[in-house]
Amino acid sequence: MSDCGCAGDEARSVERVKVVANERLAAGIGLLTLHAPRIGARVAPGQFVHLRITRDADFILRRPFSVHGTTRDGIRILYQVLGRGTRALAAKRPGDEMDALGPLGKGFRIPEGVAHALLVGGGLGVAPLALLAEVLAERGVAVTAALGAPTADRLLALDVLEVSARQVLLATDDGSRGERGFVTMLVEGALAASAPDVAYVCGPAAMQRIVAAQCAAAGVPCQLSLERLMACGVGACLSCVVETASGLKRACCDGPVFDAEEVRWDVAQPGLRH
Amino acid sequence: MSPNPGSGTEPDLSVNLGRLELRNPVMTAAGTFASGREYAGLVDIPRLGALVTKGVSLEPWPGNPSPRIAETASGMLNSIGLQNPGLDAFIEHDLTWLSEQDVPVIVNVHGHSAEEFARICERLEDVSCVSGFELNVSCPNVDEGGMAFGTSCEAVAAVTAAARRATRKLLMVKLSPNVTDIAKIARAAEAAGADAVSLVNTLLGMAIDADTFRPKLGRVLGGLSGPAIKPIALRMVWQVSAAVSVPVVGMGGIMTAEDAVEFMLAGASAVAVGTATFVDPAAATHIIDGLAEFCRRRGVERVSQLTGALEA
């Protein structure tokens, strides 16, 4: 526990970033494009930035966001309005400045020799998977993406995945697009059809737990991007701990990506509360 | 103190904490900075007045169930619960690293009993990079020790006296604000041999989620920090500095150099920065810069002149 994953990580810094665009994609869902050349050049899939959204004294903590994509001179963040921080983020206009601490955390690992990867996203969980899909495609890895959402308009990042993935499988709770039901159904089929070399998962805790079990049963190594409330983002405050087979680890710097087999589901693992 | 604007010379930021001279009055608050390594590269650590470590106990402590934090208006609650890998791991991993940093280290010490506090001080007495100890008798997030000691004059005196017998280094006692008369507790620490008192630790608080009908913290109760508690902390620093003759280290919601000045005017000889570091990793060094700037602007030659300079 004392060995910090991010201690002395020279890639991270506090960067003054500027809003380039802030688009509303669906009710309460936004896509933020930031001018952030330093972070954009250093970020790896699965890493996050810790944004100081406001300097008002009313709410003080930074908010962590997965990096959804990179641009020539910055990054994209996909967000859902859930509380004060994301409400303030939704109100940002082009030209507004913030500061971003990052890139932070250990992202997705791409083992040697991976030829086929399954990406599983539930709702906003697609946020870190889009950048991962792009990087995998660049490396010649065949990507199958399985996405689930409540309704068709909440199936996000399809434009990115349609370019990077060989196959995109969709499910919605109401059947408005793709299969009717949960993404876990798609995973069952995808694992049976052609065993991927690795699975990458992000989404609600309940869904992650099921997908982790499905992958374990199929003998497919699985990596989960976990979400926790955090204050410092760099491993100091111990707010964001995750119960693992080797004790408590920190989502911010030992993760946020963990091997599924390492995560203990037999103890309460509260995810982010809204 | 009569301000003398525009004197132009570099202000002297050094302050004295009894057995320890600090190059400036700004230290990290225990539990917000780990042992510093996590912030390496983000903060110029040798510039700190002192680095106060996260609480260290004799044996490893697992800490509390999640969620461990909740944001509140102008502040945050935490219920981390002193999770730490224990003294041996601290010595092996953190002290090895700290000994290579050019910064005074104050080890925050936590125990279940007065004897445990003393044993930790004893083990670290000959470690040259350790400049002093801060006895944590004020953590609100543990069932044994912590605040249970810090709310009783007798227990504070017993813990302080036991630690005093174990060390010749700076001995500071961190006080809980969750008491009726903090000055009385401070006097008990002073009488038992404390070289300084630091205050305040967090205020016991609670946050509830109206949507789920549940407490927001896994432990239900937690400690409130941040700007929300600053007026209370200032009041207590003012009361305690009037009651004791040892130096007072003030903390509680310090976000800016101006906040630090206010604590010094209330009677603090030095200050600690905690929650602000979560917002801005370099908050402590920004506050040091701001203090120097304040002194230059107001013609204050020595920052220590601000201590207790509150005018009626």
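Counting starts from 1 at the beginning of each chain's written sequence and moves along it residue by residue. The naming scheme follows written order: chains are lettered A onward, ligands numbered 1 onward. Note on the predicted model: pLDDT of at least 70 is required for a residue's local features to be given, and 80 or more for side-chain atom pairs to be given and counted; whole-chain, interface and lining totals, by contrast, use all residues.

S.K.: Lay out the overall build of chain B with the relevant residues and their values.
M.R.: Looking only at helices and strands, chain B features nine helices and 16 strands. To get the radius of gyration, use the C-alpha atoms; to get the globule rule, take the number of residues to the power 0.38 and multiply by 2.2 Å. For chain B, the C-alpha radius of gyration of 18 Å lies close to 20 Å, the compact-globule estimate for 312 residues. Our exposure labels follow a C-beta count within 10 Å of each residue's own C-beta, placed from the backbone: buried means 20 or more other C-beta atoms, exposed means 12 or fewer, and partly exposed covers the counts in between. The buried share among the 312 residues of chain B stands at 61%. Contacts spanning at least 24 positions in sequence make up 72% of the contacts within chain B whose residues lie at least 6 apart. Helix and strand assignments follow DSSP, with helices taken as H or I runs no shorter than four residues and strands as E runs no shorter than two, numbered in order from the N terminus. By definition, residues are in contact whenever their C-beta atoms, placed on the basis of the backbone, come within 7 Å of each other.

S.K.: Which residues make up the overall build of chain A, and what values go with them?
M.R.: Helices and strands together make up the secondary structure of chain A, namely six helices and 16 strands. For chain A, whose C-alpha radius of gyration is 18 Å, the value lies close to the compact-globule estimate of 19 Å for 274 residues. Each of the three principal axes of chain A carries a C-alpha extent, and together these read 50 × 45 × 35 Å. By the burial criterion, 51% of the 274 residues in chain A qualify as buried.

S.K.: Before we move on, can you summarise the interface of chain A and chain B with the specific residues and values?
M.R.: Taken together, the contact pairs 31 residues of chain A with 32 residues of chain B. Note on residue categories: nonpolar means Ala, Val, Leu, Ile, Met, Phe, Trp, Tyr, Cys or Pro, charged means Asp, Glu, Lys or Arg, and polar means any other residue, Gly included. Taken together, the residues of the side of chain A that touches chain B break down into 21 nonpolar, four polar and six charged.

S.K.: Quick one: what's the story with the nonpolar core, residue by residue and with numbers?
M.R.: Only buried Ala, Val, Leu, Ile, Met, Phe, Trp, Tyr and Cys residues enter a nonpolar core, and they are joined through C-beta atoms within 7 Å. Of all hydrophobic cores here, the largest spans 199 residues; its most connected members are A:Ala133, B:Val197, B:Val237 and B:Val271. The biggest single contributor to this core is helix α3 (residues 126–138) of chain A, with eight residues. If we skip the residues at most four places from it in the chain, B:Val237 touches B:Leu199, B:Val248, B:Gly250, B:Phe263, B:Ala266, B:Gly267 and B:Ala268.

S.K.: Provide a residue-level description of the environment of B:His93, including the pertinent values.
M.R.: Residue position: B:His93 is located in helix α1 (residues 87–98). For the pair formed by B:His93 and B:Gln305, sequence separation is 212 residues and the distance between their alpha carbons is 39 Å.

S.K.: Would you mind going over the confidence of the model for chain B in detail, with residue names and values included?
M.R.: Of the residues in chain B, 97% have a pLDDT of 70 or more, and the chain-wide mean is 95. For this predicted complex, the interface confidence comes out at an ipTM of 0.92, alongside a pTM of 0.94. In predicted models, pLDDT denotes the confidence assigned by the predictor to each residue on a 0 to 100 scale.

S.K.: Summarise the sheet that holds strand β14 (residues 221–225) of chain B; cite the residues concerned and give the values.
M.R.: Residues and elements named next belong to chain B. Note: two strands are recorded as paired if DSSP finds a minimum of 2 bridges between them. As summarised here, the arrangement of the four strands in space is β5-β6-β14-β11, forming an open sheet in which the pairing is antiparallel. Each having just a single partner strand, β5 (69–72) and β11 (203–206) make up the two edges of the open sheet. In this sheet, neighbouring strand axes are inclined to one another by 40° on average, regardless of whether the strands run parallel or antiparallel. Two strands pair when backbone bridges link them, and strand β6 (residues 75–78) and β14 are joined in this way by three bridges, in the antiparallel orientation. Each residue of the ladder has a partner; that of Met 76, found in β14, is Ser 225. Only the stretch in contact is used when fitting a helix axis, every axis being a line fitted to C-alpha atoms; angles between N-to-C directions are given from 0 to 180 degrees.

S.K.: Before we move on, could you go through helix α2 (residues 114–124) of chain B and cite the residues and values that matter?
M.R.: Buried within α2(B) we find B:Ala114, B:Glu116, B:Phe117, B:Ala118, B:Ile120, B:Cys121 and B:Leu124. Buried residues belonging to α2(B) abut α1, β7 (105–109), β8 (130–136) and α4 (153–166) of chain B.

S.K.: Can you lay out the packing of helix α5 (residues 182–191) of chain B against helix α6 (residues 230–243) of chain B for me, pointing to particular residues and giving the numbers?
M.R.: Residues and elements named next belong to chain B. Between α5 and α6, the least distance of the axes is 9 Å, while the angle of their chain directions is 45°. Compared by their axis directions, α5 and α6 come out oblique. Viewed along their axes, α5 and α6 form a crossing whose handedness is right-handed. The segment α5 lies against α6, with Ile 182, Ala 183, Ala 186 and Arg 187 engaging Met 236, Gln 239, Val 240 and Ala 243. A class-by-class count of the residues in the contact of α5 with α6 yields six nonpolar, one polar and one charged. In this scheme, roughly parallel covers angles under 35 degrees and roughly antiparallel covers those over 145, while 65 to 115 is roughly perpendicular and the rest are oblique. Crossing handedness: left-handed means the near helix sits turned counterclockwise from the far one by under a right angle, and right-handed means the same turn made clockwise.

S.K.: How would you explain the environment of B:Phe263 if you had to name every residue and give the values?
M.R.: All names here are of chain B. Tracing the backbone shows Phe 263 in helix α7 (residues 257–265). A tally of 29 C-beta atoms within 10 Å means that Phe 263 is categorised as buried. Between the C-alpha atoms of Phe 263 and Leu 135, which are 128 residues apart in sequence, the distance is 21 Å. In this view, Phe 263 contacts Leu 234, Val 237, Gly 250, Ile 254, Ala 268 and Val 271; residues no more than four positions away in its chain are not counted.

S.K.: Would you mind going over the sheet that holds strand β3 (residues 26–28) of chain B in detail, with residue names and values included?
M.R.: Residues and elements named next belong to chain B. Pairing in this open sheet of eight strands is parallel, and the strands run β3-β16-β15-β10-β9-β8-β7-β4 from one edge to the other. Of all strands in the sheet, those with a lone pairing partner are β3 and β4 (51–52), marking the two edges. Strand direction decides the pairing type here: strand β15 (residues 248–250) and strand β16 (residues 270–273), joined by two bridges, are parallel. Bridging across to β16, Val 249 finds its partner in Ala 270. Helix-sheet contacts for α2 involve β7 and β8, and the interaxial angle to β7 is about 155°. Its contacts with the sheet place α6 against β10 (196–199) and β15, and it is angled at close to 175° to β15.

S.K.: Account for the pairing of strand β9 (residues 142–149) of chain A, with residues named and values stated.
M.R.: Residues and elements named next belong to chain A. The element β9 is largely enclosed, with a buried count of seven among its eight residues. Crossovers are marked right-handed if the path from the first strand over the helix to the second runs clockwise, as seen with the strands pointing away from the viewer. With α3 bridging strand β8 (residues 116–122) and its parallel neighbour β9, the resulting β-α-β unit is right-handed. Pairing geometry for β9 and strand β10 (residues 167–172), over six bridges, is parallel. Within β10, the residue paired with Ala 146 across the bridge is Leu 169.

S.K.: Can you break down the pairing of strand β1 (residues 13–26) of chain A residue by residue, with the values?
M.R.: In summary, the side chains of a regular strand alternate between the two faces of the sheet. Relative to strand β7 (residues 97–104) of chain A, β1(A) is paired through six bridges, and the arrangement is antiparallel. What sits directly across from A:Arg16, in β7(A), is A:Asp99.

S.K.: Go over the environment of B:Ser131 with me, naming the residues and quoting the values.
M.R.: Relative to the helices and strands, B:Ser131 is located in strand β8. Here B:Ser131 is in contact with B:Leu20, B:Ala50, B:Pro104, B:Val105, B:Ile106, B:Lys169 and B:Leu170, once residues within four sequence places are set aside.

S.K.: Lay out unusual backbone geometry with the relevant residues and their values.
M.R.: Going from A:Gly102 to A:Pro103, the amide bond is cis rather than trans, its omega being -5°. Here A:Pro103 shows up in strand β7. The phi dihedral of A:Ala157 falls on the positive side, at around 60°, and the residue is not glycine. The topology assignment puts A:Ala157 in the loop between β9 and α4 (158–164). Positive phi values are uncommon outside glycine, yet B:Ser74 reaches one of about 55°.

S.K.: Lay out helix α6 (residues 205–218) of chain A with the relevant residues and their values.
M.R.: All names here are of chain A. Expected span, for any helix, means 1.5 Å times one less than how many residues it has. Helix length check: α6, at 14 residues, gives a terminal C-alpha distance of 20 Å against a target of 20 Å (1.5 Å per residue), a fit within 8%. Burial in α6 covers these residues: Met 207, Gln 208, Val 211, Ala 212, Gln 214 and Cys 215. Relative to the axis of α6, the buried residues are bounded by an arc of 165° and lie together on one face. Facing away from the buried side of α6, by more than 90 degrees, are the exposed residues Ala 206 and Ala 217. Summarising the contacts, the buried residues of α6 are in contact with β8, α5 (183–193), β12 (198–202) and β13 (222–225). In the segment just after α6, Gly 219 is the residue with positive phi, at about 70°. Relevant arc is that of directions from the helix axis to the C-beta atoms, nothing else.

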